[in-house]
Amino acid sequence: MQKNFKPHPNSFKNTFCVFHEVLSNEIEGLKKQFESKAGSTYYYTEAGMYRVSNHWGRLANSKWRLVAMEPETPSKTKIGFAAWNEFYPDNAEEKLYYIQADFDNNTVTYQHKKNPDYDGKPVLRTSFETTKRIKQIRNLQQLTSWAKHFDYEDIDDLRQQIITELIFTEKTLDEIKREI
């Protein structure tokens, strides 16, 4: 029988967390402990939280992201798990976030500075600054019109050069483009 573990209701306010998708057998036998107005259900264990939901990202006053399984499960409703020590504080004022680019998959995301993988090299930014840079990076990844002003042999190399500067420096996109 599951021991009834219940965190304080305010422990998730203003948090950032990355959940990892799990299969439904992970929550078999667990007691549903909370259901939100939006229909997400929550299961708490001593190790962490399971969340069953069809929506992820910005939630009220928190940022909770789901890393989907590969290959991705077909259902729109996903089950995610996060350990208690993976919930990090979030606010709009502090420089809490850094950007990660995956050049092989042409994706970009952000992580919290308390993530154990943070090596101190990418520049930390506020959530607003991070969002702005990610938008610039996605435009560089998805569009080609910006590249017509450059003399280059390989647009992917040019992209990587500019994106790397956006992640690891405080330079503006215009400053980076002028230097190239």
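Residues numbered from 1 in each chain as written. Predicted model: local features only at pLDDT ≥ 70, side-chain atom pairs only at ≥ 80, totals over all residues. Heavy atoms only, no water.

**Re unusual backbone geometry**
Which entries qualify depends on this criterion: A run of DSSP states H or I qualifies as a helix once it reaches four residues; a run of E qualifies as a strand once it reaches two. Both are numbered from the N-terminal end. Only protein chains enter the accessibility calculation, which uses a 1.4 Å probe. A residue is then buried if its area is under 20% of the maximum for its type, exposed if over 50%, and partly exposed in between.
A cis geometry characterises the amide bond from Glu-70 onward to Pro-71, with omega recorded as 0 degrees. Considering the arrangement of structural elements, one finds Pro-71 in the loop between β6 (62-67) and β7 (78-83). Unusually for a residue other than glycine, Asn-106 sits at a positive phi of about 55 degrees. With respect to the helices and strands, the residue Asn-106 is situated in the loop between β9 (97-102) and β10 (107-112). Take Asn-106: its relative accessible area is 40%, and that puts it in the partly exposed class.

**Focus: the environment of Thr-45**
Cut-off, in case you're wondering: In this description, contact between two residues means that some pair of their heavy atoms is separated by no more than 4.5 Å.
Tracing the sequence through the fold places Thr-45 in the loop between β3 (41-44) and β4 (48-53). Judged by relative accessible area, Thr-45 falls into the buried class, the value being 16%. When near neighbours in sequence (up to four residues on either side) are disregarded, Thr-45 contacts Phe-5, Leu-30, Tyr-50, Phe-81 and Trp-84.

**Quick word on the domain arrangement of the protein**
Put simply, the rule is: An automatic or database domain assignment supplies the residue ranges for each domain. Note on definitions: salt bridges are taken to be side-chain nitrogens of Lys or Arg within 4 Å of carboxyl oxygens of Asp or Glu. Here a polar contact is taken to be a pair of N or O atoms separated by no more than 3.5 Å, where protein atoms must pair a possible hydrogen donor with a possible acceptor and residues adjacent in sequence count only if both atoms sit in side chains. Gly falls in the polar group here, along with every residue not listed as nonpolar (Ala, Val, Leu, Ile, Met, Phe, Trp, Tyr, Cys, Pro) or charged (Asp, Glu, Lys, Arg).
Entries for the protein in the domain assignment read domain 1 (15-89) and domain 2 (97-179). One C-alpha centre belongs to domain 1, the other to domain 2, and the line joining them spans 28 Å. Taken together, the contact between domain 1 and domain 2 spans six residues of the former and nine residues of the latter. Linking domain 1 to domain 2 there are zero salt bridges. Applying the counting criterion to the domain 1 and domain 2 interface returns three residue pairs in polar contact (both at pLDDT 80 or more). Sorting the residues of the side of domain 1 that touches domain 2 by element identifies β1 (15-22), β6 and β8 (88-89) as the ones contributing at least two each. The class makeup of the residues in the side of domain 1 that touches domain 2 is four nonpolar, no polar and two charged.

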